[in-house]
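This is what each chain is made of:
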Amino acid sequence: MDGWIREMGLAVRALARQPGFSAVAVVTLALGIGANTAIFSVIDGALLRPLPYEDPDGIVYLSDGHNDFGGGGIDQSLPNLLDLRAGSRLLVSSAVFTFGSGNLATEDRPERVRILLTSSEFLDVLGISPRIGRDLTSENDVSGSAAVALLTAEAWQARFGSDPDIVGRTTTLDAAPLEVIGVLPAGFTFPGSPDLIMPLRHIGKEHPRGNRLYHAVARMAPGVQVEAVRAELQSIFAGLVEEYPDANTGWFAWADPVSDFVIGARGRSLFLFAGAVGLVLLIACVNVANLLLVRADGRSREFALRFALGGRRAALVPLFVAEGLVLSLLGGLAGIVTAYWGVDALVAFFGTAIPRSQQIHLSGTALAFGTVVSVVVGVAVGLLPILRVNQIQLLENLKEGSRGSAGRRSRLGRALVVTEVALAVLIVSGAGLLTKSVRQIQEVDLGVATPEQVMTFQISLPSARYDADGAAARFYQTLLERIEGIPGVASAATTNRLPLLGGYNTTVFPTVADPDRNARFVSIRAVTPAFFETVGVPLLSGRWLTPAEFDDPESTSVLINQTLARQLFPNEDPLGQMVGPGWAEGGLRVVGVVGDIRGRNATRPAPPAFFFSANTSDERERGLLIRSRGPDPYLLLPTIREVLADLDGDVPLYSVRTLAEIADTNLGTRRLAMSLFSVFAGLALLLGSVGIYGVMSFTVAQRFQEMGVRLALGAERRSIFALVLAGAAQLALPGIVIGLLLALASARVLSGLLYEVGTQDPATYLVVSLVLIAVAAGASFLPAYRATRVNPVDSMRDG
């Protein structure tokens, strides 16, 4: 140990005498180690850290699937869930849940909170006990029972100041009393990031079997596998299809590990980023190894003297490893600081696209990972120069007093630079494919005009004050009139479902003339008159609804979109046709066909949609859309808040964003992938250019005398410049070819993130090749320029 400490001290002093070299090496490693530590922190928090449940591998998420959509993940009906639970022998317990929200009273004004509505078995299935207070009981499941709630630890702290006497306290939710019965333990996580858990209060209510509004989690019996549960549930569900064909034909039951539900596909894509950032670290290591090779070449006379005095090659191992460790540990320390900022930046910019983002931080595990990586990298880059130390050759060179063969000495360094370029091409190609894919999606016609000028938000009126017939409709009508009077507002409207957010209201939507002719998964939208003007949806045929039709609760006139028209009336004129949703006795008449609006996933065709008047609707929760006359609709927000507060100061607006921001958020994983790959590509290009620069500088230094002779014999300086650039091309072109072959072979791992871009897209690979050629030319420009400034007389004297 004392020997290693001494070697480390000598290495520190030796590297301190070359601050430029040391700084470049440390910064290079800091970038590679920092990026890897940051991504590891994200993966550790999102994927590797066990879910905070008891035996999470024994819990499954139950959902429905449909033949038109392949796998599961669709909401279930409550009667079906209860029948599946009653018939299963492989599930020992289960709980039904759905998501909601409400206006929770605070000292200032009500805040919108996220609510998880569950049956009383929920926490028991997950194996969680309240931190303080009690759990839900079966009495809380009964319809009409008192409203109670458990708070998450975060909501308890943020909204109630961690009040130790919170249990038993009564607050107000949606203008009605709510008793707090407990607080969940810190670290509780579940999709939707709920603030409260409240009872579903489903017992005693009527639940139509065709209404799919719920989800379920269940605990499997010991030793049971998910595949066995799927088979059993599908067998039970087959009987439900026979018994209730209208509600269940085309459907099937499904089960997934609860981790798939909590983490989702977006989390699994993080492993792809880990592979990319691992390549960045490899490039950094290759770069530093190359720098150390160049440094070792400059010390060849020192090593030759060591061998002449009886030293052995093995005696150099501690020297090289110590220098590699000093560089990597300093780089690792700087990398950890970089990772700290990087993790915060990732969560800040991409938190909505990363599962469990609230639990992601630079943990002790991540610090240990960074330390281990630093040590491994230090040993690896430190040992590589040993390959270049040839004892016999060095002794011969010492006797001859020559520099030796520059070509032979630089062969390994050139191979490393070719490797750097190839890896850079691999990463940049991935970034190019993803960037082109995102641009392709952004060019999709969403069916919305100038979405950046349309601000949206949600409002939910408390049932305690807006339960009377027409009360909600009157409130929204007054609100819209007041908002339309604000200077700068072009138009305003409400709807039960905002554009670009997807979802559907009914699974079967038939025609009256032929009930067997129907559309599936139709979005039924209740809108106010200015909706189509505000969103920018065109009328394709027929006419708009008249003001009288909007205000008449008995009106049977409706509008449908182009997709629904094609599905219901493929070879007929839809105008005048009667459609028959289950709630419309006698059917409704189509008077107009409007343009399509894309759903949450812009890469899929627009969903079928049906529009009717919201003017007479008693629906209390609505989305509002405000089209601004100017480019920034957020300038209208303060005045809109004042108008709302004047009408009802206890009603907050929430989820404020423009339609453009909704569309941008919908890109989710694709935008995360594009952004991270672009950052990694930038690092790869930077490190690759440093590598090319280092080798070309070394080559020019080794050929200093040769350049002088060429100039003395009459060679033009531009030919010397071209000679150095040609040497850079000999490094870049093989690396580009190898990198393109690697990219073509591995691009299929990105296929799930691409849209209308092939994994072998020639334009992308051509641009990537040109970028790498430009980087190589730029990196070799300064060494080439220096070569043209060689003084022939000085080069002869030095020789």
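Worth saying up front: this structure is predicted, and the values here are computed from it rather than measured. (Residues numbered from 1 in each chain as written. Predicted model: local features only at pLDDT ≥ 70, side-chain atom pairs only at ≥ 80, totals over all residues. Heavy atoms only, no water.)

### Focus on the overall build of the chain
What the chain contains, in helices and strands, is 25 helices and 23 strands. The buried share of the chain, taken over its 799 residues, is 52%. Considering only residue pairs separated by 6 or more positions, the chain has 81% of its internal contacts joining residues 24 or more positions apart. Accessible area of the chain: about 34900 Å², with a carbon and sulfur share of 57%. (Helix = DSSP H or I, 4+ residues; strand = E, 2+ residues; numbered from the N terminus. Buried < 20%, exposed > 50% of the residue type's maximum accessible area, 1.4 Å probe, protein only. Contact = heavy atoms within 4.5 Å. Areas by Shrake-Rupley, 256 points an atom, 1.4 Å probe, with all protein chains shown as cover.)

### Observations concerning the environment of Gly100
Within the element layout of this structure, Gly100 appears in strand E3 (residues 91-104). When the C-alpha atoms of Gly100 and Met198 are compared, they prove to be 9.7 Å apart, with 98 residues separating the residues in sequence. In this view, Gly100 contacts Val113, Arg114 and Ile115; residues no more than four positions away in its chain are not counted.

### What to know about the environment of Asp632
Residue placement: Asp632 occurs in the loop between strand E22 (621-628) and helix H19 (637-647). A relative accessible area of 35% places Asp632 in the partly exposed class. On a C-alpha basis, the gap between Asp632 and Val454 in space is 8.9 Å, while along the polypeptide they are 178 residues apart. Among the polar contacts listed, one links the side chain of Asp632 to the backbone nitrogen of Tyr634, at a separation of 3.1 Å. (Polar contact = N/O pair within 3.5 Å; in protein donor to acceptor, adjacent residues only side chain to side chain.)

### A closer look at helix H5 (residues 153-160)
Each α-helix winds once per 3.6 residues, and so residues spaced three or four apart point in a common direction. If you check which residues of H5 are buried, you get Ala153, Ala155, Trp156 and Phe160. Seen from one end, H5 has its buried residues packed into an arc of 165°, which puts them on one side. Projecting away from the buried face of H5 at angles above 90 degrees are the exposed residues Gln157 and Ala158. Buried residues along H5 sit against E3, strand E5 (132-133), strand E6 (148-151), strand E7 (170-173) and strand E8 (176-183). Of the residues flanking the end of H5, it is Gly161, one or two places downstream, whose phi is positive at about 60°. (Arc of directions from axis to C-beta.)

### So, helix H6 (residues 226-243)
If you check H6, its first and last C-alpha atoms are 26 Å apart, about what 18 residues at 1.5 Å a residue would give, namely 26 Å. All buried positions along H6 are accounted for by Val226, Val229, Arg230, Glu232, Leu233, Ile236, Phe237 and Leu240. Where H6 is buried, its residues touch strand E1 (59-66), helix H3 (78-87), E3, strand E10 (212-220), helix H7 (245-248) and strand E11 (251-257). (Expected span 1.5 Å × (residues − 1).)

### Quick notes on the packing of aromatic side chains
A full pass over the atoms with the stated rule returns 20 aromatic pairs. On the numbers, 6.0 Å between centres and 50° between planes, the contact of Phe97 with Phe261 is tilted. Taken together, the residues span a long stretch of sequence, with Phe97 in strand E3 and Phe261 in helix H8 (residues 258-268) at a distance of 164 residues. Under the relative-accessibility criterion, Phe97 is labelled buried at 0%. Residues Phe188 and Phe190 carry aromatic rings whose centres are separated by 6.5 Å and whose planes lie at 10° to one another, so their mutual orientation is stacked. (Phe/Tyr/Trp six-rings, centres within 6.5 Å; stacked < 30°, edge-to-face > 60°.)

### A look at the side chain of Asp64
In this structure, Asp64 sits in strand E1. Side-chain polar atoms of Asp64 contact the side chain of Arg212, separated by 2.7 Å. Beyond its immediate chain neighbours, meaning those up to four positions away, Asp64 contacts Gly72, Gly73, Ile74, Asp75, Gln76, Ser77, Arg212, Phe237, Trp251, Phe252 and Ala253.

### What to know about the pattern of salt bridges
By the definition in use, this model includes 18 salt bridges. Across the pair Asp646 and Arg482 runs a salt bridge whose closest N-O atoms are separated by 2.9 Å. Separated by 164 residues along the polypeptide, Asp646 in helix H19 and Arg482 in helix H15 (residues 471-484) bring together distant segments of the chain. Residue Asp646 is classed as exposed on the basis of its relative accessible area, which comes to 54%. For the salt bridge of Arg543 with Glu549, the shortest nitrogen-to-oxygen distance reads 2.8 Å. Each of the salt bridges in this network shares a partner with another, and the network as a whole consists of Glu111, Arg114, Arg159 and Asp195. (Salt bridge = Lys/Arg side-chain N within 4 Å of Asp/Glu carboxyl O.)

### Let's talk about the nonpolar core
Counting 106 residues, the largest nonpolar core has Leu270, Phe273, Phe531 and Phe680 as the members making the most contacts within it. Ranked by residue count, the leading element in this core is helix H21 (residues 668-702), at 15 residues. When neighbours within four sequence positions are excluded, Phe273 is seen to be in contact with Ile39, Leu672, Ala673, Leu676, Phe677 and Phe680. (Core = buried A, V, L, I, M, F, W, Y, C linked by side-chain atoms within 4.5 Å.)

### Some words on unusual backbone geometry
Most peptide bonds adopt trans geometry, and most residues besides glycine take a negative phi value. In the Ramachandran plot, Ser162 falls in the positive-phi region, its phi being about 55° despite a non-glycine side chain. The residue Ser162 is located in the loop between H5 and E7 in this model. Despite not being glycine, Ser655 shows a phi value in the positive range, around 55°. By the element assignment, Ser655 lies in strand E23 (residues 653-658). For Ser655, a relative accessible area of 41% corresponds to the partly exposed category.

### Here's the deal with a nonpolar patch on the surface
On the surface, a cluster of nonpolar side chains totalling about 260 Å² of accessible area is made up of Leu329, Val375, Val379 and Leu383. The biggest single contributor to the nonpolar patch is helix H12 (residues 364-383), with 3 residues. Here Val375 lies in helix H12. We classify Val375 as partly exposed; its relative accessible area is 36%. (Patch = residues over 30% accessible without salt bridge, like charges linked within 9 Å, V, L, I, M, F, W, Y side chains within 5 Å.)

### Notes on the packing of helix H23 (residues 717-746) against helix H24 (residues 762-788)
Where H23 contacts H24, the axes come no closer than 8 Å and their chain directions differ by 150°. Put simply, H23 runs roughly antiparallel to H24. The handedness of the crossing between H23 and H24 is right-handed. Residue composition of the contact of H23 with H24, grouped by class: 21 nonpolar, 3 polar and 1 charged. (Axes fitted to C-alpha atoms, helices over the stretch in contact; angles between N-to-C directions. Parallel < 35°, antiparallel > 145°, perpendicular 65-115°, else oblique. Left-handed = near helix turned anticlockwise from the far one by under 90°. Nonpolar A, V, L, I, M, F, W, Y, C, P; charged D, E, K, R; others polar.)

### Description of the environment of Ile459
Mapped onto the secondary structure, Ile459 falls in strand E12 (residues 454-460). Taking relative accessible area as the criterion, Ile459 reaches 1% and is therefore assigned buried. Put simply, Ile459 and Glu621 are 162 residues apart on the chain and 5.7 Å apart in space, counted from C-alpha to C-alpha. In this structure, Ile459 is in contact with Tyr476, Leu479, Arg620, Glu621, Arg622, Leu624, Leu644, Val651, Pro652, Leu653 and Tyr654, ignoring residues within four places of it in sequence.

### Points about the pairing of strand E13 (residues 489-495)
With 6 of its 7 residues buried, E13 lies for the most part within the structure. Sheet topology note: the E13/E22 ladder contains 6 bridges and is antiparallel. Opposite Ala493, over in E22, you have Leu625 as the bridge partner. (Pairing = 2+ DSSP bridges.)

### A closer look at the confidence of the model for the chain
Taken over all residues, the pLDDT of the chain has a mean of 83, while the share at 70 or more is 88%. Low pLDDT, under 50, characterises residues 391-395; the predicted model gives this stretch 13 contacts beyond four residues in sequence or across chains. Within the model, pLDDT remains below 50 along residues 400-409, and this stretch shows 12 contacts once partners closer than five positions in the same chain are excluded. (pLDDT = per-residue confidence, 0-100.)

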